[in-house]
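# Analysis of the macromolecular model
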Amino acid sequence: MRELLGYGRTLVVTAVDAERDTVLAGLGLGSQPPDALEAGAPVVVVAAGVGPAAAAAVTAQFLTAAVHDGTPFDLVLSAGIAGGFAGRVEIGGLAVATESIAADLGAAGPDGFQSVDELGFGTARLDADPALLRALRLALPEAVGGPILTVATVTGTAAAKETVEKRHPDAVAEAMEGFGVATAARLWPATAFGELRTISNAVGPRDRAAWRIPQALETLRDAFATLSGR
Ligand SMILES: O=C(O)c1cccc(C(=O)CC[C@H]2O[C@@H](n3cnc4c(=O)[nH]cnc43)[C@H](O)[C@@H]2O)c1
């Protein structure tokens, strides 16, 4: 297995097994030995679970274990399927995050929503590593770049979508893990962070039957095949 984009060692964090297996297929790996982390495999792909908390916990565990083993990760990617904002990225399309934003991290009150930034409690926005972002956009020119939102609850009504779009007019997609992975990556400043998503559905009124998961997974597989130079 070759390095990804010239980075020495890479951790790819997905939410569910289907996404992990798709990334592995794109990399030309049918499966991964259970000791891939400890054995120092150049690319490790893990399904951490759905949501920012699981993503942060598992990413921190893997990054820390690798440092203690003397084989730290140089790159960590949050990857998987996502909802796309209509008109910005199409179903089956590819999105790359310029930043990952915890869109529902804050306080709701009579005057509306305030992010943790506005409340003075830190930040809900974490940038992708600039050099990594350049490399991703060069390797995947078809990818739409912009902020990707992380939510703990999928946006599932027209009213909620309108609210989110007003708050984040330039967001291209919404998923549930990127900000969690980025938060863990910040613990290890030498590890570059990025988020890559393929679009299974449009953000808006929830209609699970309309999700085009196979199409999104195909794009995810192709993106990782490209990144691995296959
Ligand atoms: O049922 C399947 O075969 C299957 C295969 C791959 C992935 C799934 C998921 O349900 C993944 C959940 C994952 O998807 C992200 N996601 C997708 N669309 C949205 C959205 O509109 N808003 C927020 N998140 C979305 C999210 O990151 C979840 O973790 C099923």
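Residues numbered from 1 in each chain as written. Predicted model: local features only at pLDDT ≥ 70, side-chain atom pairs only at ≥ 80, totals over all residues. Heavy atoms only, no water.

### Details of the site of the ligand
Around the ligand, the structure places 18 residues, and the nearest of them are Glu174, Met176, Glu177, Asn201 and Arg208. Note that an oxygen atom of the ligand is positioned 2.8 Å from one of the side-chain N or O atoms of asparagine 201. Arginine 208 is positioned with one of its side-chain polar atoms (N or O) 3.0 Å from an oxygen atom of the ligand. Coverage of the ligand by the protein chains reaches 83% of its 620 Å² of free accessible surface. Listing elements by their share of the shell around the ligand, those giving two or more residues are β3 (75-84), β9 (173-175) and β10 (192-202). Looking at the shell around the ligand, its residues break down into eleven nonpolar, three polar and four charged. (Near = heavy atom within 4 Å. Polar contact = N/O pair within 3.5 Å; in protein donor to acceptor, adjacent residues only side chain to side chain. Areas by Shrake-Rupley, 256 points an atom, 1.4 Å probe, with all protein chains shown as cover. Helix = DSSP H or I, 4+ residues; strand = E, 2+ residues; numbered from the N terminus. Nonpolar A, V, L, I, M, F, W, Y, C, P; charged D, E, K, R; others polar.)

### Some remarks on the pattern of salt bridges
Under the defined criterion, the tally for this structure stands at nine salt bridges. With its nearest N and O atoms 3.1 Å apart, the salt bridge here joins arginine 125 to glutamate 99. One end of the pair, arginine 125, is in strand β7 (residues 125-127); the other, glutamate 99, is in strand β4 (residues 94-102), with 26 residues separating them in the sequence. Relative accessible area serves as the criterion here: at 13%, glutamate 99 is assigned to the buried category. Beyond isolated ion pairs, a larger network of salt bridges with shared partners links Asp17, Arg20 and Asp21. (Salt bridge = Lys/Arg side-chain N within 4 Å of Asp/Glu carboxyl O. Buried < 20%, exposed > 50% of the residue type's maximum accessible area, 1.4 Å probe, protein only.)

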